[in-house]
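A look at the structure
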Amino acid sequence: MFFLGIDLGSSSIKLSVFDADKGTTVASVTVPEFEMDIIAPKFGWAEQDPNKWWEYVKNGIQILGAKQHIDLKKIVGIGIAYQMHGLVLTDENINPVRSSIIWCDSRAASIGNEVYDRMGHESCQQQILGTPGNFTASKLKWVQTNEPEVFQKAVYMMLPGDFIAARLSGKAQISTSGLSEAALWNFSKGTLATEVMEAMELPLNKIPEIVPNFGYQATIHADVASELGLNSDVKITYRGGDQPNNAMSLNVLKPGEIATTAGTSAVVYAVSNQDVYDKENRINTFLHVNNTESQKNNGVMLCINGSGILYQWLRKIMSVDRTNLIAYDSLNAEAAKVAAGSNGLRFYPFGNGVERIFNNKNVNSGIQNLNFNIHQSGHLIRSACEGIVFAMNYGFDVMKSVGASGEIVRAGNANLFLSPVFREIFTNTTQTTLELYNTSGSEGAARGAAYGFGYYASLEEAFEGLKCIERVEPNPMLTSQYQEIYQEWKNNIKIEL
């Protein structure tokens, strides 16, 4: 039996086919060839075209069949991971009525703050474990206020992964954890947070059918199956936001376990069996994918918006020809030539929207101490890596304050964690052991689909074959050095009030 995993990111979409009988991934593909653009019509805005996502997904499936020689007829179930917090509005036929307002868009932050004040901070935190902030509900309210004609055309509001599932099946749905990502889940009641909808004066009828993360959700539409070369009885059996899915992909399922990733954004994600929250809303709590009525499992998450997108920016500006970009391995090699501390150069990676760890405020991004006679490209690259990890550590300290911490952190052997320099900075700044796994979000989504289909009796069984490929321990000779550099970096953060 084959299961297809789809991981819809901000930069690309990865698809993997998992052979459940053998417990291995038999093929993977990433589309498109170059990173997807993020459209910014105004400062602080960030949008993408959902129709392009759908075209790339179809293209990826066709490549798996034609070029990877996968027998698509063996696929029986599909799992979908996706960039969190985005808003997709569609008509009754699942056609988007506007571009998606994605996770790093800042336009709705003031709306979330106003509703937070009106509902009362303590009441709001007890219900949704935080603030509506800049999440999907606030974006929906922004459209209602600023684009009433578009809002009127919209029949369904969904998250990005729900849109892909709906295009596959023809059925609009949203998961319970997806509602929590949208700031629309009442943790105390275990239901849709109608209180937030009422406070925002949003109609409940735009919320589609609510489904669990695992189990039968829908069957692929016959026309879509025919177009893609799939069987008409393929079932969608799993969906989850990219960070909960990343944690699951690393077998991070139990309280006290921690996952991290450094893709477009950088994230540390800890599982907790408590409804924890930070009174200053610098971190966020969502339903973990394996949360059930009988077993509470939440994901406590910190997010730094500028991570891989910063590395992508460096890659572009250091390449003369955008059609022939410098390889990321070359950037990593240049960074490795420079000693810790980057000869005094300091990078602040806050250039991709308002930052949650600073209460959704704009933070001055940029570079400090640049000396044209001293600093070369390697200093710039290494200081960017240091700045990303330092920002992660800043949030990690907040997580520890609410009891979400541990001594071992798991990551996929991908993105920035492919860099030995980045791994060194991470372990010695956070003073944790890093475990690397050869997996991906799309493989995790495929394993999740296999469990949701019923092939595996438990999630633990679904991830039995996952093995740690490398452990990176903190170096006592370096931890004190990095702590000193981090403290200097931290003391020079400037917040735009």
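Reference entry: report on the structure contained in this document.

Attention now goes to the overall build of the protein. Scanning the protein for helices and strands turns up 17 helices and 23 strands. Overall, the C-alpha framework of the protein stretches about 65 × 55 × 45 Å when taken along its three principal axes. Scored against the burial criterion, the 497 residues of the protein give a buried share of 60%. Considering only intrachain contacts with a sequence separation of at least 6, the fraction spanning at least 24 residues in the protein is 73%. About 19200 Å² of surface is accessible on the protein, with carbon and sulfur atoms providing 47% of the total.

Now for the pattern of salt bridges. Tallied over the entire structure, the rule returns 23 salt bridges. The partner of Lys58 in a salt bridge is Glu227, with the nearest N and O atoms 3.0 Å apart. Taken together, the positions of Lys58 in helix H1 (residues 50-66) and Glu227 in helix H9 (residues 222-228) put the pair 169 residues apart, joining distant regions of the chain. Glu227 gets classed as partly exposed once you look at its relative accessible area, which sits at 44%. Between Glu424 and Arg382 there is a salt bridge, with its nearest N and O atoms 3.2 Å apart. Taken as a pair, Glu424 in helix H14 (residues 420-430) and Arg382 in helix H13 (residues 377-401) lie far apart in primary sequence, 42 residues in all. Arg382 gets classed as buried once you look at its relative accessible area, which sits at 3%. Members of the salt-bridge network, linked through shared partners, are Glu47, Arg98, Asp105, Arg107 and Glu147.

Attention now goes to the nonpolar core. In this structure, Leu15, Leu168 and Leu184 are the most contacted members of the largest nonpolar core, which totals 112 residues. If sequence neighbours within four positions are ignored, Leu184 has contacts with Ala137, Met157, Leu179, Thr191, Leu192, Ala193, Val196, Met197 and Ile207. Core analysis: the second largest hydrophobic core is formed by 53 residues, Leu331, Ala384, Phe390 and Ala411 among them.

Let's shift gears to the pairing of strand E14 (residues 235-241). The element E14 is extensively covered by neighbouring structure, given that six of its seven residues are classed as buried. For strand E5 (residues 75-82) and E14, the ladder comprises six bridges, and the chain directions are parallel. Across the sheet, residue Ile80 finds its bridge partner in E14, namely Arg239. Bridge count between strand E13 (residues 214-219) and E14: three bridges; the pairing is antiparallel. Looking at E14, one finds that Thr219 is bridged to Lys235.

Our focus in this paragraph is the packing of aromatic side chains. Across all of its chains, the model carries 17 aromatic pairs by this definition. Measuring from ring centre to ring centre gives 5.4 Å for Phe3 and Phe453, while their planes differ by 70 degrees; the resulting arrangement is edge-to-face. Residue Phe3 is found in strand E1 (residues 2-8), and its partner Phe453 is found in helix H15 (residues 441-453); the two are separated by 450 residues along the sequence. In this structure Phe3 comes out as buried when scored by relative accessible area, which is 0%. A relative accessible area of 30% places Phe453 in the partly exposed class. Between Phe350 and Trp489, the ring centres sit 6.2 Å apart and the planes meet at 50 degrees, which makes this aromatic pair tilted.

Glancing now at the pairing of strand E2 (residues 13-19). When you tally the buried positions in E2, you get six out of seven residues, the bulk of the element. Between E2 and strand E3 (residues 24-31), which pair antiparallel and follow one another directly, the connecting turn spans four residues, one of which, Gly23, has a positive phi of 70 degrees.

Paired through backbone hydrogen bonds, the strands of a sheet run either parallel or antiparallel to each other. Read from one edge to the other, the open sheet built from seven strands follows the order E17-E18-E16-E15-E21-E22-E23, with strand pairing classed as mixed. Two strands lie at the open edges of the sheet, namely strand E17 (284-287) and strand E23 (468-472), each paired on one side alone. If you compare each strand with its neighbour and ignore which way they point, the axes differ by 30 degrees on average. Sitting on the sheet, H14 touches strand E15 (258-262), strand E21 (408-412), strand E22 (433-437) and E23, and the angle it makes with E22 is about 140 degrees.

Here we take up the environment of Phe422. On the secondary structure map, Phe422 appears in helix H14. By relative accessible area, Phe422 is classed as buried at 0%. Once you skip the residues sitting within four places of it in the chain, Phe422 turns out to touch Ala262, Cys385, Ile388, Val389, Met392, Leu416 and Phe417.

Parameters and conventions
- Residues numbered from 1 in each chain as written.
- Predicted model: local features only at pLDDT ≥ 70, side-chain atom pairs only at ≥ 80, totals over all residues.
- Heavy atoms only, no water.
- Helix = DSSP H or I, 4+ residues; strand = E, 2+ residues; numbered from the N terminus.
- Buried < 20%, exposed > 50% of the residue type's maximum accessible area, 1.4 Å probe, protein only.
- Contact = heavy atoms within 4.5 Å.
- Areas by Shrake-Rupley, 256 points an atom, 1.4 Å probe, with all protein chains shown as cover.
- Salt bridge = Lys/Arg side-chain N within 4 Å of Asp/Glu carboxyl O.
- Core = buried A, V, L, I, M, F, W, Y, C linked by side-chain atoms within 4.5 Å.
- Pairing = 2+ DSSP bridges.
- Phe/Tyr/Trp six-rings, centres within 6.5 Å; stacked < 30°, edge-to-face > 60°.
- Axes fitted to C-alpha atoms, helices over the stretch in contact; angles between N-to-C directions.

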